[in-house]
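Fold and geometry: a report
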Amino acid sequence: MVAPASTPIRSLVKKVVVRTALGVVTAQAATIGGLVAYDALTKSQRKTRSGFPRPGRFGTDVASSDVDVFTFGADLYDDMIEKIDAAERNVFLETYLWKGDEYGQKFLDAVNRAARRGLDVRVIYDGFGNLVVPSKFYRFDPAVKVYRVPVLRPELLTAPIRTTGVNHRKVLVVDDDTAYVGGYNLGSTYATTWRDTHLRVCGPDSWALRQSFATVWNGAAGKHDKVPRLDPPEWDSRVRVWANTPFRLVYPIRSMYLQAIDRATHHIYISTPYFIPDHQILNALIRAQERGVDVRIMVPMDSNHVLADWASRGFYVPLLRAGVTLLLYKNAMIHAKTATIDGVWSTVGTANIDRLSLSFNYEVNLEIIDNDLAAVMERVFEVDSSNSQRLSLEEWEDRHPLAWVAELAIAPFRSFL
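Residues numbered from 1 in each chain as written. Predicted model: local features only at pLDDT ≥ 70, side-chain atom pairs only at ≥ 80, totals over all residues. Heavy atoms only, no water.

Okay, the overall build of the protein next. Secondary structure assignment for the protein yields 15 helices and 18 strands. Put simply, the protein has 417 residues, and 53% of those count as buried. In the protein, 78% of the contacts between residues at least 6 apart in sequence involve partners at least 24 apart. Here the protein displays about 18,900 Å² of accessible surface, and carbon together with sulfur accounts for 57% of that area. (Helix = DSSP H or I, 4+ residues; strand = E, 2+ residues; numbered from the N terminus. Buried < 20%, exposed > 50% of the residue type's maximum accessible area, 1.4 Å probe, protein only. Contact = heavy atoms within 4.5 Å. Areas by Shrake-Rupley, 256 points an atom, 1.4 Å probe, with all protein chains shown as cover.)

See below:
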């Protein structure tokens, strides 16, 4: 039997498709490899850049609680360690990165001292985030209850959606009435050379952060004894905690952002180290600008993750064409995850505006409805803006053709960053 005449054509088309696909993948791999190599070559030069302005430390009252804003790591760490050393009942610490350096050791020593005083000390830290830290560094006192979130666990086979996220939170709760949250991991680099933002809440509103820690401990770290429940001091609070909790399939931080953006009538100021929004958030920001809202987004000129930078840059053109202000922070890595809207609404927390933070990882953000705190956050944004380059559409469209190639190569990987 003679084969149909169309068979050679099908075979040819198949070969062309396969070879084209292989060529695209090869080009993407080469582009990514080139970006990583170039970033490695220039990283040492970036580390020697001059310092950056420090917005300062600010304090304000929010309802029945005292809220302090920290913008310099060394000041924050000293305050946190002082609170741990003064603790009388308990210390709950949760962090993503815990470096085995000078400041990492200070925190390790502080929690060990607290445990030796007979306090209830519990620590959660992420295994994947700390793979490069020698395990011998984590020498906890036997009285410290520790949950290192495992990199590999059996649940990855039976419930992968609930178990793939890393614990990206940075929370400290002391004596059930003082709590910290924000972008600062634990390490000497973050103490002096990164710009970040953290909040300290003293008073009844610290309960919600305590509860977020208890939820993770009692769920994901359930093999240990449970954190005892405390009832909330009040219902009608202007301070709310929104916590992404993968094992519960709960991811409210994205909805928090979308609702706040949609309510904006005057201005939106956002700082985020990695800006890789989904289409809903991107469109919400563009719609806000189009209805007359002053939308400003601050990102690092060069972050510590080159692939995230190039994934982010693929969104610059639609934002700039809509009139959104893009600010590129110079002279340091800005790692703050903050936003403030209309002089009323603010959020500070651990979640980046990217797919991993909003759809996969353990995260926690404070949402605060308060004019005074919003004024503080606007002041911080103003100081940071003074150290930023405002990017124009003309400048960006005139970029090197290779930049366009890099953006196209990275675009398919946005959902994984």
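Having seen the structure, we can now continue with the description.
Take the environment of Pro 204 next. Looking at the element boundaries, Pro 204 is found in the loop between β9 (198-202) and α7 (207-220). Spatially, the C-alpha atoms of Pro 204 and Thr 178 are 8.7 Å apart, while their sequence positions differ by 26 residues. What Pro 204 contacts, discounting residues up to four positions off in sequence, is Ser 64, Ser 65 and Pro 233.

With that settled, the discussion passes to the confidence of the model for the protein. For the protein, the mean per-residue pLDDT works out to 88, and 83% of the residues sit at or above 70. In this model residues 35-41 is a low-confidence stretch, pLDDT under 50, and it forms eight contacts with partners more than four residues away in sequence or in other chains. (pLDDT = per-residue confidence, 0-100.)

Attention shifts here to the packing of aromatic side chains. One pass over the full model with this rule turns up 18 aromatic pairs. With a centroid separation of 6.2 Å and 85° between ring planes, the pair formed by Trp 98 and Tyr 138 is classed as edge-to-face. On the criterion of sequence distance, the pair formed by Trp 98 in the loop between β3 (90-95) and α3 (102-116) and Tyr 138 in the loop between β4 (120-126) and β5 (145-149) is long-range, its members being 40 residues apart. Relative accessible area serves as the criterion here: at 9%, Tyr 138 is assigned to the buried category. Pairing Phe 213 with Trp 217 gives two aromatic rings, centres 6.0 Å apart and planes at 20°, and the pair type is stacked. With Phe 213 and Trp 217 both in helix α7, this residue pair falls four residues apart, about one helical turn. You can call Trp 217 buried: its relative accessible area is 0%. These aromatic residues form a ring-pair network of at least three members: Trp 98, Tyr 125, Phe 137, Tyr 138 and Phe 140. For Arg 54, the ring lying beneath its charged end belongs to Phe 72, and the centroid distance is 3.7 Å. (Phe/Tyr/Trp six-rings, centres within 6.5 Å; stacked < 30°, edge-to-face > 60°. Lys NZ or Arg CZ within 6 Å of the ring centre and 35° of its normal.)

Counting residues in hydrophobic clusters, the biggest one holds 80 residues, and the most contacted among them are Tyr 77, Trp 98, Phe 140, Ile 268, Leu 285, Ile 297 and Leu 319. If you tally residues by element for this core, the top one is α3, at seven residues. In this structure, this core is formed jointly by two domains, domain 1 (57-236) and domain 2 (248-416), each of which donates at least three residues. The residues contacting Tyr 77, other than those within four sequence positions of it, are Tyr 103, Phe 107, Tyr 184, Asn 185, Leu 186, Gly 187, Tyr 190 and Ala 191. The next biggest cluster of nonpolar side chains, apart from the first, holds 33 residues, and it includes Val 201, Val 216, Val 376 and Met 377. (Core = buried A, V, L, I, M, F, W, Y, C linked by side-chain atoms within 4.5 Å. Domains from an automatic or database assignment.)

Turning our attention to the UniProt feature "domain: PLD phosphodiesterase" (unreviewed entry) in the protein. Taking the numbering used here, the UniProt-annotated feature "domain: PLD phosphodiesterase" (unreviewed entry) corresponds to residues 163-190 and 330-357. For residues 163-190, helix accounts for 14% and strand for 32%, while the C-alpha atoms at its two ends are 28 Å apart. (UniProt positions renumbered as here; feature names shortened; annotations may be inferred.)

Attention now moves to a nonpolar patch on the surface. Side chains of Phe 128, Leu 131, Val 132, Val 151 and Leu 152 sit close together on the surface and give an oily, nonpolar patch of about 540 Å² of accessible area. Of the residues examined, Val 151 reaches a relative accessible area of 35% and is grouped as partly exposed. (Patch = residues over 30% accessible without salt bridge, like charges linked within 9 Å, V, L, I, M, F, W, Y side chains within 5 Å. Salt bridge = Lys/Arg side-chain N within 4 Å of Asp/Glu carboxyl O.)

This part covers the sheet that holds strand β16 (residues 345-349). Read from one edge of the open sheet, eight strands run β10-β17-β16-β15-β11-β12-β13-β18, paired in mixed fashion. Only two strands of the sheet have a single partner each, and these edge strands are β10 (239-244) and β18 (388-391). Taking the axes of each pair of neighbouring strands and ignoring which way they run, one obtains an average angle of 15° across the sheet. Across five bridges, the pairing between strand β11 (residues 267-271) and strand β12 (residues 294-300) is parallel. In the sheet register, Ser 271 faces β12, and the bridge partner there is Met 298. Each of β10, β11, β15 (338-341), β16 and β17 (363-369) is contacted by helix α8 (residues 253-263), which is oriented at about 30° to β17, the strand it contacts most. (Pairing = 2+ DSSP bridges. Axes fitted to C-alpha atoms, helices over the stretch in contact; angles between N-to-C directions.)

This part is about the side chain of Gln 289. In this fold, Gln 289 is placed in helix α9 (residues 279-290). A residue is classified by how much of its surface remains accessible, and Gln 289, at 17% relative accessible area, is buried. For Gln 289, the side chain forms a polar contact with the main-chain oxygen of Gly 323, separated by 3.4 Å. Dropping the residues within four chain positions of it, Gln 289 is found in contact with Asp 294, Val 295, Ala 322, Gly 323 and Val 324. (Polar contact = N/O pair within 3.5 Å; in protein donor to acceptor, adjacent residues only side chain to side chain.)

Quick look at the side chain of Asp 126 now. Note that Asp 126 resides in strand β4. Look at Asp 126 and you get buried, because its relative accessible area is 1%. Within the structure, the side chain of Asp 126 is placed 2.8 Å from the backbone nitrogen of Gly 129, a separation counted as a polar contact. Apart from residues no more than four positions distant in its own chain, Asp 126 is found in contact with Thr 95, Tyr 96, Val 149, Val 166 and Asn 167.

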